[in-house]
Amino acid sequence: MKTDFRGLWVLAGAWLTAYLKPALPLMLVVLVLFFVILAFLLRQRHDSPSSAPWFTGPLLLLLAAISVSALGSGNNECLLPGDAEQQRKVIVAFDEQPRVGADAVSQGAAQILKYWNEDQWVSCPLEVYLSVPYHLDVTADRFETILALQATDSNGSFAWWARAQSAPVVLSTQDLNAADYLKTRFSSSLQELSAEARGLLPGMLYGDRSGQNEELSTAMKNSGLSHLTAVSGSNVALLGAMVLVLLRLFTVPRIPAAILSIAFLGLFIWFVGPDPSVLRAGLMGMIATISLLLGRGRGSLGILSLSATILLHLDSSRAVDPAFALSVLATLGIIVLTPALTEIFSRIFPPWFAQLTAICCAAQFTCLPVIIALNSNFSLYSLPANLVVAPLLPLITTVGVLCLLLCTALPGLVQLLVWVPGLPAGWIGKVALWVVELPGASRPWPAGLAGISLAIGFSVVFTVLLVTGRESEHLAVHRVAAGGLIAALVAMSAIVVPATLFYRPDLGGEWHVAMCDVGQGDAFMIHTGPGEAWLLDSGTPDGDVESCVKRLGITTLSKVFITHEHADHFGGIPQIEASGIKIGERLVSSGFTPDLWQGAEVIGPGDSGGTDEVRYRVIGPDEVSARYAEPNDTSLVIIFDFILDGGVVSFFTAGDLEEAAMHQLLASQPQPPVQVLKASHHGAKNGGVEIIEKLKPQVILVSVGEDNSYGHPHQQILDAATQVGSKVIRTDQEGSVLLTFEADKVLAKAIGAVVR
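Residues numbered from 1 in each chain as written. Predicted model: local features only at pLDDT ≥ 70, side-chain atom pairs only at ≥ 80, totals over all residues. Heavy atoms only, no water.

(A) Quick look at the pairing of strand β13 (residues 556–562). Most of β13 is tucked away: 6 of the 7 residues are buried. One ladder, built from 5 bridges, connects strand β12 (residues 532–536) with β13; its direction is parallel. Following the sheet pairing, E532 is matched in β13 by T556. As for the winding sense of the linkage, the β-α-β connection from β12 through helix α19 (residues 545–551) to β13 is right-handed. With 6 bridges connecting them, β13 and strand β14 (residues 582–588) associate as parallel partners. Its bridge partner lying in β14, V560 is registered against R586. (Buried < 20%, exposed > 50% of the residue type's maximum accessible area, 1.4 Å probe, protein only. Helix = DSSP H or I, 4+ residues; strand = E, 2+ residues; numbered from the N terminus. Pairing = 2+ DSSP bridges. Right-handed = clockwise from strand over helix to strand, strands pointing away.)

Quick look at the structure:
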């Protein structure tokens, strides 16, 4: 064996015990078992006295498990009384500076310090993930509010989702320290850079993601680049190397240099904050420095295991923290797998590129199970994207830190120097935004235990084969490992990747509106209950609206609205009628030809209906106008109102109503702003921009065929959307899309690849 793996046994024992939290009696049994096995096995002889006995690893695992259990046995876990959903008055504080999104909602990990119960305050530290849709001053520390709480039903680092239901009353504030002032000053020096650079550079230097908008944050995650904005071991290593080079230039002796290096790492951890990856990387750096000072060598795997085990002893809740898991597993992969992968890639690529590729692949292999558990998506471009941007990281880190240190003393110089890390940081953001738009950029992976098990299986197989092939001294083992590795790669390439292109995840759960990709036509569904929806238009005869309906688990269409009789709105009805899907009311406008659809009922202005959760209101067209109008201008104009806790979300749709008719309608019936608007006539110019300017929607839906010959949507419509700040969602770019509404936001999720 070339590598000492005993440290992994210690880490495994500590991590499993911290994660599973076994009962104390069970651990007492383990303790007895430990001493029995130890006493029995120590009597055996071993042929190689210089090497550790084979049972050393399991004994270390048991010892680590016992120590973690013993430290945690005295901790009384505080529980919140009541149901899985409840409201309580609390005193709460964010763990660190919350992230403020474009919707001005402050959110992040927080701790309930006290809750009100039976006419008194109860002290009970509880970890929650908190959203505050009210103004909260950046200096606020503890504040009182009413929280809506929902149990997460998981063994995660926090047990409750929490959302403030009342304006926070600040009870105490925290003064900005030197680190806060420095971060604020540095952020102000970035104002001339691009939005991507302003959002990413603070995160890449000290883990502050608050400047990222939702689009950039999502793109970084879906492209596999989000780890760049979490301070990692590479950042710490680069900074440590900078300090050592400076100390070497000034001929500082070895022991003082080591002490200064450790002090610098401690200062850096204080500056960045107690992020799991920072704590792990900083502690590894300190232990490595001490190890080198004592002449014990590097021992990266042992140092990683010791560092992670110490952190688990200090706080066992880190065992369920995804950030901690990703940090440890990525470092483990780089330490254990990079040498073997570098040897393989060196046969194909130049040495520098082989090592870079090996590092990216190693981290991907070991982190895959956690990534799948968090996201259930398979990114086809994660590895290439990381390879493209990796060479820029040393430049960004070294010059960025220099700018950070000088931004107070030499602000004029920093205004110029900051462009050196700013340009590549901005380019990384543009790469992420570009990658997520590529076909198949984020493919679905089987969700739940099956998907996680599959990811674990691939990670374990790759790791075992790579390590065995490199560590073993037997030629036969090398050959078997190489053959197994090739077989595993072929299996992953030939089965898993194509399978994700066709696999469709379970789309059950909450959604409010579905925009079905039916090509150059319209088809929308309004979710009204389990297996039930309303259908608004049915697309073209070959639009396959039936597949969209069935894929969403809809078996009953209690109402079917057809805005007008054109084939791109009515053409899919024969397919729906023949599909076996139950159809209730058939509703059309007064301009619809009665003979086209047997059983159709005419509705007009003033008609309404619905449920307690969603209602519809018809505001056009009137019977007289529809009698003489062109078919487009006979389109039903309907507003769907979704009644939510905390407000109403409105969805305005007008079929293919054209500009003049729309102007007349709005003049006679002025409408307030809405959250969602369906672009008239697939975004054609003749739909006009008045409706966009007056309704000022958050989201505009454009159901349109890919590369259509009409030029839909027209640039004038897109420009109007940009001017009012609307996000445009198009079926030719996203495929079918689900919309989920909250009181203060609209969430969109693409559920299928573009097929037209």
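(B) Looking closely at the state of the cysteines. Applying the stated criterion across every chain, the model contains 1 disulfide. Covalent S-S linkage joins C516 and C548, the inter-sulfur distance amounting to 2.0 Å. Its S-S torsion of about -75° marks the bond between C516 and C548 as left-handed, since a negative value means left-handed. Taken together, the residues C516 in the loop between β10 (513–515) and β11 (524–529) and C548 in helix α19 connect sequence positions 32 residues apart. Across this residue pair, the class does not change: C516 and C548 are buried. (Disulfide = S-S within 2.5 Å.)

(C) Representation of a nonpolar patch on the surface. On the surface, a cluster of nonpolar side chains totalling about 460 Å² of accessible area is made up of V245, L246, L249 and F250. Here F250 is to be found in the loop between α7 (233–249) and α8 (254–272). The class of F250 is exposed, set by a relative accessible area of 64%. (Patch = residues over 30% accessible without salt bridge, like charges linked within 9 Å, V, L, I, M, F, W, Y side chains within 5 Å. Areas by Shrake-Rupley, 256 points an atom, 1.4 Å probe, with all protein chains shown as cover. Salt bridge = Lys/Arg side-chain N within 4 Å of Asp/Glu carboxyl O.)

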